[in-house]
Amino acid sequence: MGFTFGLVIFAREPKPGEVKSRLAADIGAERAARLYQGFLQDTVAAASRLRDARPFIAWAGASLSSTAWIERACPGIEVFPQQGDNLGERIADAWARARARECERVVIVGSDSPSLPVSRITAAARHLRGADIVLGPTRDGGYYLIAGRSLDPHMLDDIPWSTPEAHAQTRSAAERRELRVDLLATWYDVDTVDDLRFLAAHLRAIEARGAPTPCPATRAALRELRLSDCPPRIGVVIPALNEESSIGRVLDDIPPELASEVIVVDNGSTDGTAAVARSHGARVVSEPERGYGAACLRGVSALDRADLVVFLDADYSDHPEEMIGLVAPILERRADLVIGSRTAGTRERGALPSHSVFGNWLAGRMLWLLHGQRATDLGPFRAIRADALMELGMADRAFGWTMEMQAKAARAGLRVAEVPVSYRRRIGKSKITGTITGSAKAGAAIIGMALRSLCWRPDRFV
């Protein structure tokens with residue numbers, strides 16, 4: 001049987017005191033080692049299910065004799081020692097070894113992301129048909145995967161490993177060499193006890209929607225660990241374009257006890273939006289590319305390890321104080337995605353123009369007919385679990401963002417709920433519903449996204 005790509009798993013011998021040091025500081029070295037053993041078992045099991053991959057283990061341990069169980073779990077896997085003075089050198093060496101074994105395309109993953117969907121690995125290999133380098137970024141600024149057809153051994157020199165700049169600097173190093181870089185959707189790895197809680201919550205959510213547990217060995221280790229629950233971190237993302245007159249009122253009405261972090265994304269404002277937002281306590285990031293989806297994506301990437309993400313408009317048409325009701329179904333573990341329905345709630349007269357009401361009706365019909373999801377609104381005021389957002393791999397950078405989220409959620413089997421929300425006339429003129437051109441562009445983008453989403457396939461965990 002021929003293999004289409006080489007898959008190298010970076011792993012360490014799961015000995016107490018030698019693995020997951022940051023995690024061990026909170027749960028103890030013995031528990032951290034047992035947990036890492038589960039990570040590694042699940043990662044190797046995932047590799048064994050990939051028929052098109054030739055699997056390898058790049059091993060960091062005192063002896064290769066301790067890897068016999070890996071070879072039993074994944075027959076045919078080849079184990080070789082990691083060599084190099086730093087992670088960059090070890091990656092380059094592993095890459096060269098896989099290439100020497102006639103693997104034209106090589107995908108390298110760590111063993112710190114036990115829930116990583118196997119479809120992300122095959123997607124990386126597929127991207128290499130056109131790209132030189134593929135990176136899978138993590139939410140902490142690193143990456144869970146690097147893949148390529150060739151590798152300059154010096155490309156990874158001077159990368160600040162284990163820092164929030166690792167992914168960005170690796171990408172820059174590749175682009176300086178005029179290599180085409182493709183990015184996979186963001187995922188997460190497990191380095192700290194907060195990451196571990198995030199993983200545990202994600203696995204519970206997957207089980208709650210009736211899907212198989214993607215990493216059973218890790219799940220069993222987590223049950224033995226009995227982690228204490230902590231209040232979820234709620235991040236708020238507010239795209240803003242010339243909303244100087246309204247953004248302060250929006251920020252003032254966000255319940256301070258609810259939001260752990262508020263990000264305002266300045267989408268190219270020419271007024272004082274950014275300054276007002278900062279003066280009201282928000283963190284402001286810039287996204288010069290105009291587009292609602294582009295702004296939302298930038299805001300999500302700027303969040304600091306949020307467990308739940310709330311999206312909110314900057315024009316004061318939404319009621320930020322109703323955020324408590326919006327996130328309640330998620331906090332009560334009844335939903336993964338909650339849409340604030342303006343049509344089911346109380347609307348100020350004239351707040352939604354007639355063409356917007358019709359557009360919402362049409363979008364709802366398309367969601368039902370094409371994707372099997374009943375919806376009364378594509379409202380911008382919404383909340384979603386951060387892990388569910390990663391599963392959706394959001395990509396739209398314009399007006400199709402809300403439809404993309406709801407259509408993909410339906411296809412991924414996420415638990416979707418609606419709650420009625422109030423809606424008032426916005427402050428200032430809408431860039432979308434306030435003009436015929438803006439409304440037409442938004443309508444075309446929404447319809448197009450509903451149709452394109454038919455081709456999207458959810459992440460495959462097992």
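In case you missed it, the structure is sitting above this.
The notes below deal with the structure included here.

Rules used in this analysis
- Residues numbered from 1 in each chain as written.
- Predicted model: local features only at pLDDT ≥ 70, side-chain atom pairs only at ≥ 80, totals over all residues.
- Heavy atoms only, no water.
- Helix = DSSP H or I, 4+ residues; strand = E, 2+ residues; numbered from the N terminus.
- Rg over C-alpha atoms; globule rule 2.2 N^0.38 Å.
- Buried < 20%, exposed > 50% of the residue type's maximum accessible area, 1.4 Å probe, protein only.
- Contact = heavy atoms within 4.5 Å.
- Lys, Arg positive; Asp, Glu negative; His and termini not counted.
- Charge placed at Lys NZ, Arg CZ, Asp CG, Glu CD.
- Expected span 1.5 Å × (residues − 1).
- Salt bridge = Lys/Arg side-chain N within 4 Å of Asp/Glu carboxyl O.
- Core = buried A, V, L, I, M, F, W, Y, C linked by side-chain atoms within 4.5 Å.
- Patch = residues over 30% accessible without salt bridge, like charges linked within 9 Å, V, L, I, M, F, W, Y side chains within 5 Å.
- Areas by Shrake-Rupley, 256 points an atom, 1.4 Å probe, with all protein chains shown as cover.
- Polar contact = N/O pair within 3.5 Å; in protein donor to acceptor, adjacent residues only side chain to side chain.
- Axes fitted to C-alpha atoms, helices over the stretch in contact; angles between N-to-C directions.
- Parallel < 35°, antiparallel > 145°, perpendicular 65-115°, else oblique.
- Nonpolar A, V, L, I, M, F, W, Y, C, P; charged D, E, K, R; others polar.
- Pairing = 2+ DSSP bridges.
- Phe/Tyr/Trp six-rings, centres within 6.5 Å; stacked < 30°, edge-to-face > 60°.
- Lys NZ or Arg CZ within 6 Å of the ring centre and 35° of its normal.

**Description of the overall build of the protein chain**
- If you tally the helices and strands in the protein chain, you get 16 helices and 14 strands.
- In terms of overall dimensions, the protein chain is globule-like: its C-alpha atoms have a radius of gyration of 23 Å, near the 23 Å expected for 462 residues.
- When the backbone C-alpha atoms are referred to their principal axes, the protein chain occupies close to 75 × 50 × 45 Å.
- For the protein chain, the residues scored as buried account for 55% of the 462 residues in total.
- Counting contacts in the protein chain only where the partners sit at least 6 residues apart, residues at least 24 apart contribute 72% of the total.
- Charge centroids of the protein chain, computed over 59 positive and 57 negative side chains, lie 6 Å from each other.

**Looking at helix α7 (residues 193–208)**
- Over its 16 residues, α7 runs 22 Å from end to end, which matches the ideal 22 Å to within 8%, given 1.5 Å per residue.
- The set of residues buried in α7 consists of Val-193, Asp-195, Leu-196, Phe-198, Leu-199, Ala-200, His-202, Leu-203, Ala-205 and Ile-206.

**Describing the pattern of salt bridges**
- Evaluated as defined, the whole model comprises 31 salt bridges.
- In this structure, Arg-180 and Asp-182 form a salt bridge, with 3.4 Å as the shortest nitrogen-oxygen distance.
- Here the salt bridges do not stand alone but share partners, grouping Lys-20, Arg-22, Asp-112 and Asp-191 into one network.

**Observations concerning the nonpolar core**
- Among the nonpolar cores identified, the biggest contains 83 residues, and Leu-7, Val-107, Leu-145 and Leu-196 are the most heavily contacted of them.
- With 9 residues, helix α2 (residues 29–48) is the largest single contributor of residues to this core.
- In contact with Leu-196, not counting residues within four places along its chain, are Leu-23, Ile-27, Leu-35, Phe-39, Val-190, Leu-222, Leu-225 and Leu-227.
- Among the nonpolar cores identified, the runner-up in size contains 32 residues, and Ile-234, Ile-238, Met-323 and Val-338 belong to it.

**A closer look at a negative patch on the surface**
- A cluster of acidic side chains, namely Asp-85, Glu-89, Asp-157 and Asp-158, defines a negative patch on the protein surface.
- The topology assignment puts Asp-157 in the loop between β6 (143–148) and α6 (166–176).
- On the accessibility criterion, Asp-157 (35% relative accessible area) is partly exposed.

**Details of the side chain of Arg-219**
- Inspection of the secondary structure puts Arg-219 in helix α8 (residues 216–225).
- At 2.9 Å, the side chain of Arg-219 and the side chain of Glu-207 are in polar contact.
- Those residues within four positions of Arg-219 in sequence are excluded, and the remaining contacts are Leu-203, Arg-204, Glu-207 and Thr-213.

**Section: the packing of α2 against α8**
- The N-to-C vectors of α2 and α8 enclose an angle of 160 degrees; their axes lie 7 Å apart at closest approach. By the criterion of interaxial angle, the relationship of α2 to α8 is roughly antiparallel. Of α8, the residues touching α2 (which contributes Arg-31, Leu-35, Gly-38, Phe-39, Gln-41 and Asp-42) are Pro-216, Ala-217, Thr-218, Ala-221, Leu-222 and Leu-225.
- Of the residues contributing to the contact of α2 with α8, the split by class is 7 nonpolar, 3 polar and 2 charged.

**Digging into the pairing of strand β11 (residues 308–311)**
- In β11, alternate side chains face the same way, and those of Leu-308 and Val-310 on one face and Val-309 and Phe-311 on the other are all buried.
- Where strand β8 (residues 234–240) and β11 come together, 4 bridges link them in parallel fashion. Looking at the pairing, Gly-235 lines up with Val-309 of β11.

**Let's talk about the side chain of Asn-267**
- Structurally, Asn-267 can be placed in the loop between β9 (261–266) and α10 (273–279).
- The class of Asn-267 is buried, set by a relative accessible area of 6%.
- Here the side chain of Asn-267 touches Gly-291 through a polar contact of 3.1 Å, landing on its backbone nitrogen.
- Ignoring anything within four residues of it in the chain, the contact list for Asn-267 reads Ala-240, Leu-241, Glu-287, Glu-289, Arg-290, Gly-291 and Ala-295.

**Structural notes on the environment of Ala-123**
- Mapped onto the fold, Ala-123 is located in helix α5 (residues 118–127).
- Classification of Ala-123 by relative accessible area gives buried; the value is 10%.
- Between the C-alpha atom of Ala-123 and that of Trp-187, which follows or precedes it by 64 residues, the distance is 14 Å.

**Let's talk about the packing of aromatic side chains**
- One pass over the full model with this rule turns up 8 aromatic pairs.
- A centroid spacing of 5.3 Å and a plane angle of 20 degrees characterise the contact between Trp-187 and Tyr-188, whose relative ring orientation is stacked.
- For Trp-187, a relative accessible area of 0% gives the class buried.
- Looking at Tyr-188, the relative accessible area reads 1%, which means it is buried.
- Centre to centre, the rings of Tyr-188 and Phe-198 are 4.9 Å apart; their planes meet at 80 degrees, and the pair counts as edge-to-face. You can see Tyr-188 sitting in the loop between β7 (181–183) and α7 and its partner Phe-198 sitting in helix α7, a full 10 residues away along the chain.
- Taken together, Trp-187, Tyr-188, Phe-198 and Phe-461 form an aromatic cluster joined through their ring pairs.
- It is Arg-342 that lies over the ring of Tyr-423; its NZ or CZ is 5.0 Å from the centre.
- Here Arg-424 stacks its cationic end above the ring of Tyr-316, 3.6 Å away from the centre of that ring.

**Points about the sheet that holds β6**
- On the basis of which strands lie adjacent, the open sheet formed by 7 strands has the order β3-β2-β1-β4-β6-β5-β7 and mixed pairing. Single-partner strands in this sheet number two, and they are β3 (78–81) and β7. Neighbouring strand axes in the sheet, compared pairwise and without regard to direction, differ in orientation by 20 degrees on average.
- Looking at chain direction, strand β1 (residues 5–12) and strand β4 (residues 106–109) are connected through 4 bridges and run parallel. Looking at β4, one finds that Gly-6 is bridged to Val-106.
- The strands touched by α2 are β1 and β2 (53–60); relative to β1, the strand with the most contacts, the crossing angle is about 170 degrees.

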